[in-house]
Amino acid sequence: MQTHFLEMFHTLNDHFTEMGQHVNQQINRATQAFVDHDQGKANLVITTDQQINKAEVQLEKEALELIALQQPFADNFRAVISILKASADLERIGDHATGIARETLRLKSSVRNADIEKAVADLSELIRSMLADILEATAELNTELAISVAHQDLQVDEQYVRIRHTVSTTLQQEPDMAQVSSGYLLVVKILERIGDHIVNLAEEVVYNVDGEIVELNLGKTQPELVQQALDQK
């Protein structure tokens, strides 16, 4: 039974990684569509979101079949449950990418700010790097890497606060940016939420390996750290 379980679990894990890579691609496409004002690419993100939804359903089916057929105990059961829970976070991240794409379609204003859009793209790049690393940590059961990724969410929170402040300041100086400013604020909030989901994925790695339920979101447990980081720059 152990051999069969490992074979099925490796397949499950591989499918989880593939789903995560697709989600990462969606974040990239959605952000590029937003900063490039590319409605065609935005529509592509929206239409391909169903693939992520189907991938989550398939992962759930495989996980439940694995539990039913192999009846895993203790560590093995925990490993399956952690993948099952993590796939829900990936699906939510995919939904958030779609939200960015929909905002691209909503914005009709020709008044844009290149500096703010560069900051949005940089924040997206940080998040995509974190997601790639957490997928690696999940595959390798690397808790050290998972915790390191979770702590990078402080950088996400810091950049989010900075962009929000820049948008607010710019709007005061350029009132005609009202519509696009609302779009900037929504998109960076979506990216910040994706960072929180990545922290959830890191927590699942720790749970899988150690059996401990931990809170790795320093922005929640130690919010003063974000302000300290802002004050130092």
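See above for the structure.
Computed from a prediction, not measured in an experiment: that's the story for all the values here.

Thoughts on the environment of Lys-108
No. 1: For Lys-108, the location among the structural elements is in the loop between α3 (74-106) and α4 (114-140).
No. 2: Judged by its relative accessible area of 60%, Lys-108 is exposed.

A word on the pattern of salt bridges
No. 1: All told, the structure shown has nine salt bridges when counted by the stated rule.
No. 2: Note that Glu-103 and Arg-106 form a salt bridge whose closest N and O atoms lie 2.6 Å from each other. Taken as a pair, Glu-103 and Arg-106 lie in helix α3 at a separation of three residues, close to a single helical turn.
No. 3: A salt bridge links Glu-117 to Arg-112, with the shortest nitrogen-to-oxygen separation between them at 2.8 Å.
No. 4: Taking relative accessible area as the criterion, Glu-117 reaches 8% and is therefore assigned buried.

Regarding the side chain of His-22
No. 1: Structurally, His-22 is set in helix α1 (residues 2-36).
No. 2: For His-22, a relative accessible area of 16% translates into the label buried.
No. 3: Apart from the residues within four sequence positions on either side, His-22 is in contact with Thr-48, Gln-51 and Ile-52.

A few points about the side chain of Thr-48
No. 1: Note on placement: Thr-48 falls in helix α2 (residues 39-70).
No. 2: Accessibility expressed as a relative area gives 10% for Thr-48, which makes it buried.

Focus on unusual backbone geometry
With glycine set apart, most residues show a phi of negative sign, and most peptide bonds adopt trans.
No. 1: Even without being a glycine, Ala-74 presents a positive backbone phi close to 45 degrees.
No. 2: As for its placement among the helices and strands, Ala-74 is situated in helix α3.
No. 3: Positive phi, close to 55 degrees, is recorded for Leu-141, a residue that is not glycine.
No. 4: Within the fold, Leu-141 resides in the loop between α4 and α5 (143-151).

Focus on the environment of Asn-217
No. 1: Tracing the backbone shows Asn-217 in the loop between α7 (178-210) and α8 (218-221).
No. 2: Judged by relative accessible area, which is 4%, Asn-217 ranks as buried.
No. 3: On a C-alpha basis, the gap between Asn-217 and Asp-196 in space is 7.3 Å, while along the polypeptide they are 21 residues apart.
No. 4: In this view, Asn-217 contacts Asp-153, Asp-196, Val-199 and Glu-203; residues no more than four positions away in its chain are not counted.
No. 5: Reaching out from Asn-217, the side chain makes a polar contact with the side chain of Asp-196 at a distance of 3.1 Å.

Regarding the packing of aromatic side chains
Between two aromatic rings, the relevant description is the distance of the centres plus the angle of the planes.
No. 1: In the structure shown here, the tally under the stated rule is two aromatic pairs.
No. 2: Arranged with centres 5.9 Å apart and planes meeting at 10 degrees, the rings of Phe-5 and Phe-9 form a pair that is stacked. Taken as a pair, Phe-5 and Phe-9 lie in helix α1 at a separation of four residues, close to a single helical turn.
No. 3: A ring pair is formed by Phe-34 and Tyr-184, whose centres lie 6.0 Å apart and whose planes are at 80 degrees; its orientation type is edge-to-face. Note that Phe-34 is positioned in helix α1 and Tyr-184 in helix α7, a separation of 150 residues in sequence. Summarising the burial analysis for this pair, Phe-34 and Tyr-184 share the class buried.
No. 4: A cation over an aromatic ring shows up here: Lys-85 above the ring of Tyr-207, its NZ or CZ 5.5 Å from the ring centre.
No. 5: Against the face of Phe-34 rests Arg-112, its NZ or CZ located 5.5 Å from the ring centre.

Cut-offs applied
- Residues numbered from 1 in each chain as written.
- Predicted model: local features only at pLDDT ≥ 70, side-chain atom pairs only at ≥ 80, totals over all residues.
- Heavy atoms only, no water.
- Helix = DSSP H or I, 4+ residues; strand = E, 2+ residues; numbered from the N terminus.
- Buried < 20%, exposed > 50% of the residue type's maximum accessible area, 1.4 Å probe, protein only.
- Salt bridge = Lys/Arg side-chain N within 4 Å of Asp/Glu carboxyl O.
- Contact = heavy atoms within 4.5 Å.
- Polar contact = N/O pair within 3.5 Å; in protein donor to acceptor, adjacent residues only side chain to side chain.
- Phe/Tyr/Trp six-rings, centres within 6.5 Å; stacked < 30°, edge-to-face > 60°.
- Lys NZ or Arg CZ within 6 Å of the ring centre and 35° of its normal.

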